[in-house]
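# Observations on chain architecture
Chain by chain, the residues:
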Amino acid sequence: NKKGKIMPVRIRLSRGGAKKRPFYRIVVADQRKPRDGAFVDQLGHYNPRMDPPEVVIDADKAREWMRLGAQPSDAVRRMIEKAEVVTPEPETDSE
């Protein structure tokens, strides 16, 4: 990327696993790439086959990527809220 150019990145699910046995990685990817294509960083995973479904998210990495402008997909946003990875409020510095 050229200096100053912003990459349109999203935090989303990338499917893995066998047929009828889904397993998802929670990844940061360029939104123009395919769902299961190249990604920039992996933040965790989601296994819907567990009871209850298993969600593992690196909270610090997720907060950092959101601070840098990465937008979570609807599904990932729900997982982040449930895992209590709170979206940081914009800081107001009085200088």
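If you're wondering where the values come from, they're calculated on a predicted model, not measured in any experiment.

### Quick notes on the sheet that holds strand β4 (residues 54-57)
A sheet is described by the order of its strands in space; here 5 strands give the open sequence β4-β3-β2-β1-β5, paired in mixed fashion. At either end of the open sheet lies a strand with only one pairing partner, and these are β4 and β5 (71-72). By the bridge criterion, 5 bridges tie strand β2 (residues 21-30) to strand β3 (residues 41-47) in an arrangement that is antiparallel. Paired with Val27 across the two strands is Gln42, which belongs to β3. Across the sheet, helix α1 (residues 59-67) touches β1 (9-18), β2, β3, β4 and β5, and the angle it forms with β3 is around 125 degrees.

### Considering the packing of aromatic side chains
Counted by the stated rule, this structure contains 1 aromatic pair. Centroid distance Tyr24 to Tyr46: 5.9 Å. Interplanar angle 25 degrees. Geometry classified as stacked. Taken together, the residues Tyr24 in strand β2 and Tyr46 in strand β3 connect sequence positions 22 residues apart. For the pair Tyr24 and Tyr46, a shared accessibility class is recorded, and that class is buried.

### Focus: the pairing of β2
Counting buried residues along β2, 7 of its 10 residues qualify, which places the element largely inside the surrounding structure. As paired elements, β1 and β2 share 10 bridges and run antiparallel to each other. Looking across to β2, one finds that Arg10 is bridged to Ala29. Counting the residues between successive antiparallel strands, the hairpin from β1 to β2 contains 2 residues, one of them, Lys20, with a positive phi of roughly 65 degrees.

Rules and cut-offs
Residues numbered from 1 in each chain as written. Predicted model: local features only at pLDDT ≥ 70, side-chain atom pairs only at ≥ 80, totals over all residues. Heavy atoms only, no water. Pairing = 2+ DSSP bridges. Helix = DSSP H or I, 4+ residues; strand = E, 2+ residues; numbered from the N terminus. Contact = heavy atoms within 4.5 Å. Axes fitted to C-alpha atoms, helices over the stretch in contact; angles between N-to-C directions. Phe/Tyr/Trp six-rings, centres within 6.5 Å; stacked < 30°, edge-to-face > 60°. Buried < 20%, exposed > 50% of the residue type's maximum accessible area, 1.4 Å probe, protein only.

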